[in-house]
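Reading the structure
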There are 2 protein chains.
Amino acid sequence: MSATSGESELTLQSVGEFEIITRIREITNAQAQDLPKPIVDSGDDSAVIAMSKEDLVVSVDLFVEGRHFKTDWATALEIGRRCAAAAMSDICAMGTAPTSILVGLAAPADTSVAFIRELTTGLAHEAAGAGARVVGGDLSSADSIVVSVTAIGSMKPKDVVTRSGAQVGDVVAIHGRLGMAAAGLRVLQRGLRSPRVLVDAYRYPEIDYSAGVRARTAGAKAMADVSDGLVADLGHIAAASGVTIDIESASLPVPEALTSAASAFGADPLAWILTGGDDHALAAVFPSNTELPQGFVAIGIVREQADDLVLVDSEPAPSEGGFSHFG
Amino acid sequence: MSATSGESELTLQSVGEFEIITRIREITNAQAQDLPKPIVDSGDDSAVIAMSKEDLVVSVDLFVEGRHFKTDWATALEIGRRCAAAAMSDICAMGTAPTSILVGLAAPADTSVAFIRELTTGLAHEAAGAGARVVGGDLSSADSIVVSVTAIGSMKPKDVVTRSGAQVGDVVAIHGRLGMAAAGLRVLQRGLRSPRVLVDAYRYPEIDYSAGVRARTAGAKAMADVSDGLVADLGHIAAASGVTIDIESASLPVPEALTSAASAFGADPLAWILTGGDDHALAAVFPSNTELPQGFVAIGIVREQADDLVLVDSEPAPSEGGFSHFG
């Protein structure tokens, strides 16, 4: 995954749009060589993807330099992995797995070709790890880097798990880490580069792309990707379902790295876990008698709708929950 | 489609992300009220779209403020229409029509809510005119406005018309205007606001979204959306098909407005027609004995592969053909 010799001296401007697109296609095809080919791959006006009688699951995410990532805090490879992971996580949260992504990429003309190669490699590599390939894209000039990722999957309509199926008495469970990316961001904001486990968690999430299918198979009634923060995203499930979710704080896993960093920064690890975004854990609601699938941890229960969408130990959740743009 | 009272004083920052998303959903739903609903609409992690045994046709386009549009040259409504039109045109060029779009929108925090309302209305209105609805999106802050549009359609795999089916002896035809947007851009660059027909052509393309289906039904063997310029996009067909396309310049329609503007600017109207982008005409290649479908005009023939991908009157085409980013 290292840059081809000389690419760091070449820029988008010197190489030109069409040559860059050719190089991007080589990278994305190489990462996808073990995956089934679309009926029409990138290079035509549109991609055509076989759907075999299932319905389409599709989501788009935008990633803006200086907002979602900084090039001095993560490598281009890491930024690419993060953009693909965050977008594909939305497909998993419906109860299926991604098969394809499309990438829109805007960057300044003096961006090095090596940077584009690494970014594209990260996108295609993360996609391949999820069983998905890059089937199309668009490239534009811009004053700063913007990446748009459209993630695509398919499933039978009867299998779809939305946010609206939670019912009183159900168990709320999570799969994956919480608070780690928020802690990593704090570390980087202080100008530090360690603890590495936190910084890495900020740079890109580690996602088990089969977790959504496992949850659906086990009977999940509602699911959401935890991208804005646990309280915020459980709030989305509670609002869509017309219920209140009560988190039991003692059941939330608190990694040692989080406790240590919180202590060093005078911060509360529980606040990171409850309100930190960007970890892309999966929150799922199951019937109370469900044997939870591998990797899921019960963290609360569904109660009748109350004034608050989300409670922590039956008290109102911290109000600063969730990342908000324009705030 | 006028702004709701007071919105021009409100900004993304003052109103906040989630309230804006609610307003955007109201707008896009209102524009789509006569269209079939997706299985899961925007508001969940992903949209789910019924596919009824057809395969997925999907394409993404990015639009960057200052590159693809300027807010002092077009209204937000016009910018929205243009972004949706340009993206959906790629679906038509496969031989089908769009059913859904997803919109990623990045904008500065001080952008007025009225601007976002108009932009979104333009996107959803143009989509509805094509029979498509907005099924999802993402919203982010950024230093300048960036719009990503993912356009989605479906079709039977055997019906797909790629760029690679042109054969020697076939007829090349176009549907729609050429050179008008390029002339309109020149008008605006000179600080003028008329002729209106040219300026409007630059602001957003007038697309017949059924032209791709008509061409496919009539037997089109290769098609491409003319977004980069006629010579450039016919070059894409020629390269994919392993042929050379010879344009007969006398057969190219030259609107009176184009001739007048070219005369006023000391420009060549043929150069605008051959190399101007952004009109989103449809170029299609038919067997020589085809009765061309309504609205299509024969402009050339397919020859054996030669040194040049595209000829004009059997001579090499102008070399400056096509818009290129980073150039």
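Remember, predicted model here, so these are calculated numbers, not experimental data. (Residues numbered from 1 in each chain as written. Chains lettered and ligands numbered in written order. Predicted model: local features only at pLDDT ≥ 70, side-chain atom pairs only at ≥ 80, totals over all residues. Heavy atoms only, no water.)

Some details on the overall build of chain A
Counting its regular elements, chain A contains ten helices and twelve strands. For 327 residues, the compact-globule formula gives about 20 Å, and the C-alpha radius of gyration of chain A, at 20 Å, lands near that figure. Once the C-alpha set of chain A is aligned to its principal axes, its extents read approximately 60 × 50 × 30 Å. Put simply, chain A has 327 residues, and 60% of those count as buried. Pairs at least 24 apart in sequence give 83% of the contacts found in chain A among residues at least 6 apart. For chain A, the computed accessible surface area is about 12,100 Å², with 49% contributed by carbon and sulfur atoms. The positive charge centre, built from 23 side chains, and the negative charge centre, built from 42, are 4 Å apart in chain A. (Helix = DSSP H or I, 4+ residues; strand = E, 2+ residues; numbered from the N terminus. Rg over C-alpha atoms; globule rule 2.2 N^0.38 Å. Buried < 20%, exposed > 50% of the residue type's maximum accessible area, 1.4 Å probe, protein only. Contact = heavy atoms within 4.5 Å. Areas by Shrake-Rupley, 256 points an atom, 1.4 Å probe, with all protein chains shown as cover. Lys, Arg positive; Asp, Glu negative; His and termini not counted. Charge placed at Lys NZ, Arg CZ, Asp CG, Glu CD.)

Some remarks on the domain arrangement of chain A
Think of interface size as the accessible area that goes away when the parts come together; that is how it is often given. Residues and elements named next belong to chain A. Domain annotation for chain A reports domain 1 (12–159) and domain 2 (171–316). Taken over C-alpha atoms, the centre of domain 1 sits 26 Å from the centre of domain 2. Domain 1 puts 24 residues into the contact, and the matching count from domain 2 is 19 residues. Carbon and sulfur atoms supply 56% of the area that domain 1 and domain 2 bury against each other, a total of about 1,900 Å² over both sides. For the interface between domain 1 and domain 2, the tally reads three salt bridges. (Domains from an automatic or database assignment. Buried area = accessible area lost by both parts, 1.4 Å probe. Salt bridge = Lys/Arg side-chain N within 4 Å of Asp/Glu carboxyl O.)

Things to note about the sheet that holds strand β10 (residues 296–304) of chain B
Residue and element names in this part refer to chain B. Reading across the sheet, the seven strands line up as β7-β9-β6-β10-β8-β11-β12 and stay open at both edges, with mixed pairing between neighbours. The open sheet has two edge strands, β7 (222–226) and β12 (315–316), and neither has a second partner. The sheet contact formed by strand β8 (residues 243–247) and strand β11 (residues 310–312) spans three bridges and is parallel. Bridging from a neighbouring strand, Ile245 pairs with Val310 of β11. (Pairing = 2+ DSSP bridges.)

Describing the side chain of Ser154 of chain A
Residue and element names in this part refer to chain A. For Ser154, the location among the structural elements is in strand β5 (residues 146–155). At 2.8 Å, the side chain of Ser154 forms a polar contact with the side chain of Glu54. In this structure Ser154 touches Met51, Glu54, Asp55, Val57 and Thr96, once residues within four positions along its chain are discounted. (Polar contact = N/O pair within 3.5 Å; in protein donor to acceptor, adjacent residues only side chain to side chain.)

So, the sheet that holds strand β6 (residues 171–175) of chain A
All names here are of chain A. Taken in spatial order, the seven strands make up an open sheet running β7-β9-β6-β10-β8-β11-β12, and their pairing is mixed. The sheet is open, and its two edges are formed by β7 (222–226) and β12 (315–316), each paired on a single side. Two strands pair when backbone bridges link them, and β6 and strand β9 (residues 281–286) are joined in this way by five bridges, in the antiparallel orientation. Residue pairing in the sheet places Val172 in a bridge with Val285 of β9.

Observations concerning the pattern of salt bridges
One side chain can pair with another of opposite charge once the charged atoms of both are near each other. Residues and elements named next belong to chain B. Inspection of the entire model under this criterion finds 24 salt bridges over all chains. Glu126 is the salt-bridge partner of Arg81, the closest N and O atoms lying 2.7 Å from each other. With Arg81 in helix α3 (residues 76–92) and Glu126 in helix α4 (residues 113–129), the pair connects residues that are 45 residues apart, well separated along the chain. We note that Arg81, like Glu126, is buried. Note that Arg214 and Asp208 form a salt bridge whose closest N and O atoms lie 3.1 Å from each other.

Concerning the pairing of β8 of chain B
Residue and element names in this part refer to chain B. Burial analysis of β8 places five of its five residues in the buried class, the great majority of the element. The alternating pattern of β8 places Val243, Ile245 and Ile247 on one face and Thr244 and Asp246 on the opposite face, and all of these are buried. Of the pairings in the sheet, the one linking β8 to β10 comprises five bridges and is antiparallel in character. Among the inter-strand pairings, Asp246 is bridged to a residue of β10, identified as Ile301.

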